[in-house]
Amino acid sequence: MTIWFKPFTVMDLNQRGENTLAALLEIEFIEITDHSLTAIMPVHARIKQPLGIVHGGANVVLAETIASTAANAVVDIEKSYCVGLEINANHIRPVREGLIKAVTRPIHLGRTTQIWHIDIYNDHGKQTCVSRMTASVIQR
């Protein structure tokens, strides 16, 4: 059984992010399963800090983008919407090039709050960051 309120495609998600920070950083959704979303972000100069590695804030933007997108996909968007309430991230290893991939899965899907777990990996499948986002479910 799927957690999603209604069917959608990665094309739907990518179109939703046009003209946003996600588009500026080239975040692209690539996979939907019954219980998770996956997105990638290329490592380029715009997301690096002066030492030449991915900026921790870029990891957080990727994490919040994928988790808040997932949060809104499990509610009836006509009746409510979700916004980030809190996010944290532990940066495990640096990334200098390639792509980073984020996968989010729910921890808690409540009536007024949701909690999402996000794992971020490098091109070699090694975990580079772990994050958790709490979303507030707001009634329209």
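All figures in this text were calculated on a predicted structure; none of them were measured in a lab.

The rules we used
Residues numbered from 1 in each chain as written. Predicted model: local features only at pLDDT ≥ 70, side-chain atom pairs only at ≥ 80, totals over all residues. Heavy atoms only, no water. Helix = DSSP H or I, 4+ residues; strand = E, 2+ residues; numbered from the N terminus. Rg over C-alpha atoms; globule rule 2.2 N^0.38 Å. Areas by Shrake-Rupley, 256 points an atom, 1.4 Å probe, with all protein chains shown as cover. Lys, Arg positive; Asp, Glu negative; His and termini not counted. Charge placed at Lys NZ, Arg CZ, Asp CG, Glu CD. Expected span 1.5 Å × (residues − 1). Buried < 20%, exposed > 50% of the residue type's maximum accessible area, 1.4 Å probe, protein only. Core = buried A, V, L, I, M, F, W, Y, C linked by side-chain atoms within 4.5 Å. 1 Å grid on protein atoms, 1.4 Å probe; cavity = no way out; pocket = protein on both sides within 12 Å on 5 of 7 lines; lining within 4 Å. Points joined across faces, edges and corners; volume = space filled by probe spheres on them. Nonpolar A, V, L, I, M, F, W, Y, C, P; charged D, E, K, R; others polar. Phe/Tyr/Trp six-rings, centres within 6.5 Å; stacked < 30°, edge-to-face > 60°.

## Some remarks on the overall build of the protein chain
Phase 1: Secondary structure assignment for the protein chain yields three helices and six strands.
Phase 2: A globule of 140 residues ought to have a C-alpha radius of gyration of about 14 Å, and the protein chain, at 15 Å, matches this closely.
Phase 3: Projected onto the principal axes, the alpha-carbon positions of the protein chain cover approximately 45 × 25 × 25 Å.
Phase 4: Of the roughly 7700 Å² of accessible surface on the protein chain, a fraction of 53% belongs to carbon and sulfur atoms.
Phase 5: For the protein chain, the distance from the average site of its 13 positive side-chain charges to the average site of its 13 negative ones is 6 Å.

## Considering helix 3 (residues 56-73)
Phase 1: A rise of 1.5 Å per residue sets the reference length of helix 3, with its 18 residues, at 26 Å; its end C-alpha atoms lie 26 Å apart and thus fit the reference within 8%.
Phase 2: In terms of burial, helix 3 is a largely internal element, 13 of the 18 residues being buried.

## Comments concerning the nonpolar core
Phase 1: Ranked by internal contacts, the top residues of the largest apolar core, which has 35 residues, are W4, L37, M41, L62, I100, W116 and I118.
Phase 2: The set of elements that each furnish at least two residues to this core consists of strand 2 (37-42), helix 3, strand 4 (99-109), strand 5 (113-121) and strand 6 (127-139).
Phase 3: With eight residues, helix 3 is the single largest residue contributor to this core.

## Some points on the layout of surface pockets
Phase 1: A volume near 240 Å³ is recorded for the largest pocket.
Phase 2: Every residue lining the largest pocket is counted, 13 residues in all, and those nearest its centre are K6, F8, L13, N72 and A73.
Phase 3: Every element with two or more residues in the lining of the largest pocket is listed here: helix 1 (10-16) and helix 3.
Phase 4: Among the residues making up the lining of the largest pocket, the classes are represented as seven nonpolar, two polar and four charged.

## Concerning the packing of aromatic side chains
Each pair of aromatic rings is reported with the distance of its centres and the angle of its planes.
Phase 1: Going through the model one piece at a time under the given rule, you end up with two aromatic pairs.
Phase 2: The interplanar angle of 80 degrees and the centroid separation of 5.4 Å between the aromatic rings of W4 and F8 together place this pair among those described as edge-to-face. The same class applies to W4 and to F8, which are both buried.
Phase 3: Consider the rings of W4 and W116, whose centres lie 6.4 Å apart with planes at 10 degrees: the pair is stacked. Here W116 lies in strand 5 and W4 lies in the segment before helix 1, a separation of 112 residues in the sequence.
Phase 4: The class of W4 is buried, set by a relative accessible area of 10%.
Phase 5: The buried category is assigned to W116, whose relative accessible area is 0%.

Interpretation note: all reported values are geometric properties and have no functional meaning in isolation.
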